[in-house]
Amino acid sequence: ALTAHAMPGDKERFLTAGMDDHLTKPIMPEALFNSLARLVVPRLGIGDGGDEMAQDGAADDPPIYLPDNLDGFDIKSCLDLVNNNKRMYVDLLRHFKEGYLDSADKIESALKNNDTKSALSLAHALRGAAGNLSAHRIYSLSGGLEEVLTSAGDSGAWLKELRAALDQANMSLAFLDDQSKRTRDGE
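Residues numbered from 1 in each chain as written. Predicted model: local features only at pLDDT ≥ 70, side-chain atom pairs only at ≥ 80, totals over all residues. Heavy atoms only, no water.

1. As for the packing of helix α5 (residues 103-112) against helix α6 (residues 116-132)
For any two helices packed against each other, the geometry comes down to the angle between their axes and how far apart the axes lie. Interaxial distance between α5 and α6 falls to 7 Å at its minimum, and their mutual angle equals 165°. Looking at the two axes, α5 sits roughly antiparallel to α6. Every pair of crossing elements has a handedness; the one defined by α5 and α6 is left-handed. In this structure, α5 uses S103, K106, I107, A110 and L111 to contact α6, whose residues at the interface are T116, S118, A119, L122, A123 and L126. Tallied by class, the residues present in the contact of α5 with α6 amount to seven nonpolar, three polar and one charged. (Axes fitted to C-alpha atoms, helices over the stretch in contact; angles between N-to-C directions. Helix = DSSP H or I, 4+ residues; strand = E, 2+ residues; numbered from the N terminus. Parallel < 35°, antiparallel > 145°, perpendicular 65-115°, else oblique. Left-handed = near helix turned anticlockwise from the far one by under 90°. Contact = heavy atoms within 4.5 Å. Nonpolar A, V, L, I, M, F, W, Y, C, P; charged D, E, K, R; others polar.)

Take a look at the structure:
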């Protein structure tokens, strides 16, 4: 089972139900490969060709700018998760920027409309996306917000901290976009 269920006892429950293995998100490539190596029986003629996955795109793709450090993101950890594929990582960052940076506003709006279920769903989705990008502070804050919302606690302080972390991520990603444009333009 490949699942977000990572609570104590979940692995045993899934294995008892007949699953072959249990991996939680974010997916750690080494754990996935080890699991597949135990479970997949190689067949002659399959996978013996030269179909190597391009790590950073075709030769005519524009160059990728990726700094050593980017506030709010643990680049090294995430590159480990994506097998050091910098192009994939930058694409994931763009997807995060387009789809998640307004999450605090959306959660706040849902709460103002007494829609705790939607607020929980948004916080959970943000937590998953942040975990996949090794955005540890956003991951932690969105997880804390989930817990507070589940227990009907006061979410104000959590939401304020989450908004600040998302603002920091937005500034970092704007910097990355600017530097990427300069790299493409040969500056």
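That covers the picture; the talk isn't over yet.
2. Section: unusual backbone geometry
Phi at N83 takes a positive value of approximately 55°, unusual for a residue other than glycine. Looking at the element boundaries, N83 is found in the loop between α3 (75-81) and α4 (86-100). Although it is not a glycine, N84 sits at a positive phi angle of roughly 60°. Its location among the elements puts N84 in the loop between α3 and α4. The exposure class assigned to N84 is partly exposed, which follows from its relative accessible area of 45%. (Buried < 20%, exposed > 50% of the residue type's maximum accessible area, 1.4 Å probe, protein only.)

3. Things to note about empty space enclosed by the protein
This structure, assessed with the given rule, holds one cavity of 30 Å³ or more. The space that makes up the largest cavity amounts to roughly 50 Å³. Together, V90, L93, R94, K97, L173, L176 and D177 line the largest cavity. By residue number, the principal contributor to the lining of the largest cavity is α4, which donates four residues. Tallied by class, the residues present in the lining of the largest cavity amount to four nonpolar, no polar and three charged. (1 Å grid on protein atoms, 1.4 Å probe; cavity = no way out; pocket = protein on both sides within 12 Å on 5 of 7 lines; lining within 4 Å. Points joined across faces, edges and corners; volume = space filled by probe spheres on them.)

4. Description of the environment of G99
By the element assignment, G99 lies in helix α4. Its relative accessible area of 30% is what places G99 among the partly exposed residues. For G99 and L126, which are 27 residues apart along the polypeptide, the C-alpha to C-alpha distance reads 9.2 Å.

5. As for the side chain of S172
Inspection of the secondary structure assignment puts S172 in helix α8 (residues 156-184). Accessibility expressed as a relative area gives 7% for S172, which makes it buried. Not counting residues within four places of it along the chain, the set of residues in contact with S172 comprises L70, D71 and F73.

6. What about the layout of surface pockets?
In this model, the second largest pocket occupies a volume close to 380 Å³. Along its surface, the second largest pocket is lined by 17 residues, and L81, V82, M88, L92 and N132 are the ones closest to its centre. Of all the secondary-structure elements, those providing two or more residues to the lining of the second largest pocket are α2 (29-39), α4 and α6. With five residues, the single largest contributor to the lining of the second largest pocket is α4. Counted by class, the lining of the second largest pocket contains 14 nonpolar, three polar and no charged residues.

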